[in-house]
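# Breakdown of the fold
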Amino acid sequence: MSIERELKKRSQNKCELCSNEENLSPYQVLPAKNSDLQDNILACNTCVTQIEDPEQTEPNHWRCLNDSMWSEHIPVQIIAWRMLSRLRSEGWPQDLLDMMYLDEDNLEWAKATGEGEDPEDKIVHRDSNGVIINAGDSVVLIKDLPVKGSSMVAKRGTAVRRVSLDHENAEYIEGKVDGQQIVIITKYVKKI
């Protein structure tokens, strides 16, 4: 059974965030762990647009999180935490965040995109052209890179898909090259 059908069954054909019944599609919660049902939610276009573009976020739309933050499904809880964190300056979202509980692994997943950090504390990863790299993006190497501790050389032009970010250093990202997980310096990559 496809992920979309499973999500529709799980959510009873409603957006798992706001309960809208129109324009629904699967939305992968990044960084995805398994690319399966456990990494996805069923969301409407309105929610997806506002999740992906903070400039379009309408705080009153997200009052729906008062209910959906209690979902038994972890990806729904993750998105609820991220949106409440983004909106916490409104007042009411901070009250909901104070009530919400995520275990350590899920809280780490929720924080993986940098949501909830103060803008001045947020570490921004940029490629060689200054373009922002986010968790889950794909990049291409612009230089042959020897891999420390190995005889392997990551060749220029190699695509690295679904990178993860180092949350303590803006110059480091991680990704798989030839099946091996390596740390890559951002000035040697270009976002695809």
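Keep in mind that what you see is a predicted model, and the values were worked out from it rather than measured.

### Concerning the UniProt feature "domain: PhnA protein N-terminal proteobacterial" (unreviewed entry) in the protein
Taking the UniProt record as the reference, the feature "domain: PhnA protein N-terminal proteobacterial" (unreviewed entry) is found at residues 6–52. Helix makes up 30% of residues 6–52 and strand 21%. Its end C-alpha atoms lie 23 Å apart.

### Let's talk about the state of the cysteines
For the structure on display, the rule yields zero disulfides. Counting only cysteine sulfurs, Cys44 is the nearest neighbor of Cys18, a cysteine outside any disulfide, at a range of 3.6 Å. Since its relative accessible area comes to 1%, Cys44 is described here as buried.

### As for helix 6 (residues 104–111)
Regarding helix 6, the residues found buried are Asn106, Trp109 and Ala110. Down the axis of helix 6, the buried side of the element spans an arc of 100°, and every buried residue falls inside it. Counted as exposed and oriented over 90 degrees from the buried face of helix 6: Glu104, Asp105 and Glu108. Looking at the buried residues of helix 6, the elements they touch are helix 4 (74–86). For helix 6, the side-chain oxygen to backbone nitrogen distance between the N-cap and Asp105 is 3.2 Å, and the N-cap itself is Asp103.

### Things to note about the side chain of Ser68
Along the chain, Ser68 falls in helix 3 (residues 65–68). Look at Ser68 and you get buried, because its relative accessible area is 8%. Within polar-contact distance, the side chain of Ser68 engages the backbone oxygen of Leu17 at 3.1 Å.

### A word on the layout of surface pockets
Of the voids in this model, the second largest pocket is the one considered here, and its volume is about 520 Å³. Of all the secondary-structure elements, those providing two or more residues to the lining of the second largest pocket are helix 6, strand 9 (164–165) and strand 10 (172–177). Its residues placed into classes, the lining of the second largest pocket shows eight nonpolar, five polar and eight charged.

### Let's talk about the sheet that holds strand 9
Sheet architecture is open: three strands sit in the order 9-10-11, paired in antiparallel fashion. With partners counted over all chains shown, the strands left at the sheet margins are strand 9 and strand 11 (180–185), one partner each. Inspection of the sheet shows strand 9 paired to strand 10 by two bridges, in the antiparallel sense. Note on strand 10: the bridge partner recorded for Ser164 is Glu174.

Conventions we followed
- Residues numbered from 1 in each chain as written.
- Predicted model: local features only at pLDDT ≥ 70, side-chain atom pairs only at ≥ 80, totals over all residues.
- Heavy atoms only, no water.
- UniProt positions renumbered as here; feature names shortened; annotations may be inferred.
- Helix = DSSP H or I, 4+ residues; strand = E, 2+ residues; numbered from the N terminus.
- Disulfide = S-S within 2.5 Å.
- Buried < 20%, exposed > 50% of the residue type's maximum accessible area, 1.4 Å probe, protein only.
- Arc of directions from axis to C-beta.
- Contact = heavy atoms within 4.5 Å.
- Polar contact = N/O pair within 3.5 Å; in protein donor to acceptor, adjacent residues only side chain to side chain.
- 1 Å grid on protein atoms, 1.4 Å probe; cavity = no way out; pocket = protein on both sides within 12 Å on 5 of 7 lines; lining within 4 Å.
- Points joined across faces, edges and corners; volume = space filled by probe spheres on them.
- Nonpolar A, V, L, I, M, F, W, Y, C, P; charged D, E, K, R; others polar.
- Pairing = 2+ DSSP bridges.

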